[in-house]
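Chain residues, written in single-letter form:
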Amino acid sequence: RYRVAGEIARGGVGAVYRAHDVDLGRDVALKVLLDDHRRSPDMMRRFIEEAQIGGQLQHPGIVPIYELGLQADRRPYFTMKLIRGETFASLLAKRESDPGAERRFLRAFESVCQTMAYAHSRGVIHRDLKPSNIMVGRFGEVQVVDWGFAKVLASGGVADERRARKRAAEDTVVATVRSESDGSDSIDGTILGTPAYMPPEQALGQVDDLDERADVFSLGGILCEILTGKPPYVTDDTTAVAKAVRSDLAGAFDRLEACAADPELVNLTRACMSPLRTDRPQDANVLAEQIGTYLASVEERAHRSAVEQAEAEAETARTEREATEARTRAQKARQSAREAQARAEQQVACLLY
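Residues numbered from 1 in each chain as written. Predicted model: local features only at pLDDT ≥ 70, side-chain atom pairs only at ≥ 80, totals over all residues. Heavy atoms only, no water.

1. Comments concerning the sheet that holds strand β4 (residues 65-70)
Logical step 1: Strand order in the open sheet made by the five strands is β1-β2-β3-β5-β4, with antiparallel pairing throughout. Each end of this open sheet is capped by a strand with a single partner; those strands are β1 (2-10) and β4. With strand direction ignored, the average angle separating the axes of adjacent strands in the sheet is 25°.
Logical step 2: Here five bridges tie β4 to strand β5 (residues 76-81), and the two strands are oriented antiparallel to one another. Note on β5: the bridge partner recorded for Gly 69 is Tyr 77. (Pairing = 2+ DSSP bridges. Helix = DSSP H or I, 4+ residues; strand = E, 2+ residues; numbered from the N terminus. Axes fitted to C-alpha atoms, helices over the stretch in contact; angles between N-to-C directions.)

Pasting the structure below:
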């Protein structure tokens, strides 16, 4: 059914290929478990769970999953929408050539927060949020990709407390191959994710303590990179893990204080990257609302500034017009006076002669 055209990307778990769906006549992305992991039950379950999570999270900011199946060699694969665009990381790298990009970056970041707010409402955390896992399409669409490290919060998370109160159908827990299996999730002491954006509890391998606020820390790390050009930890992976374990954010906070961003954004970034989970925003929905409020205030200030500038320009134009009209009246008055004087001189001359 699928004609593979070439490899797009490769990670530690799977490889993604561009393929053509012959039956439906469309291009898709096809992800296949790497051959090295075909005999690993845990990696097999993790791969299948990624497809199931993506298939059950129905949101414009999450890549739709089309099909889950097995190849002839019994390796699992799944197909998904083929995204055309750039990673957020590549856009951030080109910011110097686009001085007006920061507001667009913040708009894209707001979309990411809204996507993660939806995932959190379904009891799912991503655990590997970073600019390279965000795709920005050619028409401004923003999607969070690579849910291979995602975790379904079975209990204890903020989202579960909210579900216990609401019991709303749309907040139903996502179900995967690991939902009913004991001990098949990441064990305590296992470190998954990207060290440069990792909260301390994740760096310590405290899997049972991870909830939505782990993603909030990583979102704060992305916001830090938008504002300062660098992630929270700027070093190699090993050193970054050590810094994350100690919550050594002095360098990141120094860069934030030195940047030209609004204090409101700086304070929000610092709150998201707080070493203590209890000091961070509760989940991505809170962060999305705060970013949305900030952007609305920026647009309001920009609109008000534009109106004031237009009024000032109009006042200047009115003053200049009035001055011009006054000069014109003065010139006409002087001309009339000269003409009157000339007539009077002519009349006197006529009387004399």
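2. A short note on the side chain of Arg 122
Logical step 1: In this fold, Arg 122 is placed in the loop between α3 (102-121) and β7 (124-125).
Logical step 2: When its relative accessible area of 12% is taken as the criterion, Arg 122 is described as buried.
Logical step 3: Reaching out from Arg 122, the side chain makes a polar contact with the backbone oxygen of Gln 56 at a distance of 3.2 Å. (Buried < 20%, exposed > 50% of the residue type's maximum accessible area, 1.4 Å probe, protein only. Polar contact = N/O pair within 3.5 Å; in protein donor to acceptor, adjacent residues only side chain to side chain.)

3. Here we look at the packing of aromatic side chains
Logical step 1: Per the counting criterion, the structure on display carries three aromatic pairs.
Logical step 2: Taking the centre distance of 6.2 Å and the plane angle of 75° together, the rings of Tyr 2 and Tyr 77 count as edge-to-face. Taken together, the residues span a long stretch of sequence, with Tyr 2 in strand β1 and Tyr 77 in strand β5 at a distance of 75 residues.
Logical step 3: Take Tyr 77: its relative accessible area is 12%, and that puts it in the buried class.
Logical step 4: Ring geometry for Phe 88 and Phe 105: centres 5.6 Å apart, planes at 85°, overall edge-to-face. Taken together, the positions of Phe 88 in helix α2 (residues 88-93) and Phe 105 in helix α3 put the pair 17 residues apart, joining distant regions of the chain.
Logical step 5: Residue classification places Phe 88 among the buried positions, given a relative accessible area of 1%. (Phe/Tyr/Trp six-rings, centres within 6.5 Å; stacked < 30°, edge-to-face > 60°.)

4. A short note on the packing of helix α6 (residues 212-228) against helix α9 (residues 263-272)
Logical step 1: Relative to each other, α6 and α9 sit at 145°, their axes nearing to 8 Å. Of the two elements, α6 crosses α9, and the hand of that crossing is left-handed. From α6, Val 216, Phe 217, Gly 220, Leu 223, Cys 224 and Leu 227 reach across to α9, where they touch Leu 265, Val 266, Leu 268, Thr 269 and Cys 272.
Logical step 2: Residues belonging to the contact of α6 with α9 are distributed by class as follows: nine nonpolar, two polar and no charged. (Left-handed = near helix turned anticlockwise from the far one by under 90°. Contact = heavy atoms within 4.5 Å. Nonpolar A, V, L, I, M, F, W, Y, C, P; charged D, E, K, R; others polar.)

5. So, the environment of Leu 82
Logical step 1: Summarising the element assignment, Leu 82 is placed in the loop between β5 and β6 (85-87).
Logical step 2: Considered as a pair, Leu 82 and Leu 30 are 52 residues apart in the sequence and their alpha carbons are 8.5 Å apart.
Logical step 3: The residues contacting Leu 82, other than those within four sequence positions of it, are Ile 8, Arg 18, Asp 27, Val 28 and Ala 29.

Interpretation in functional terms is not warranted from these geometric data alone.
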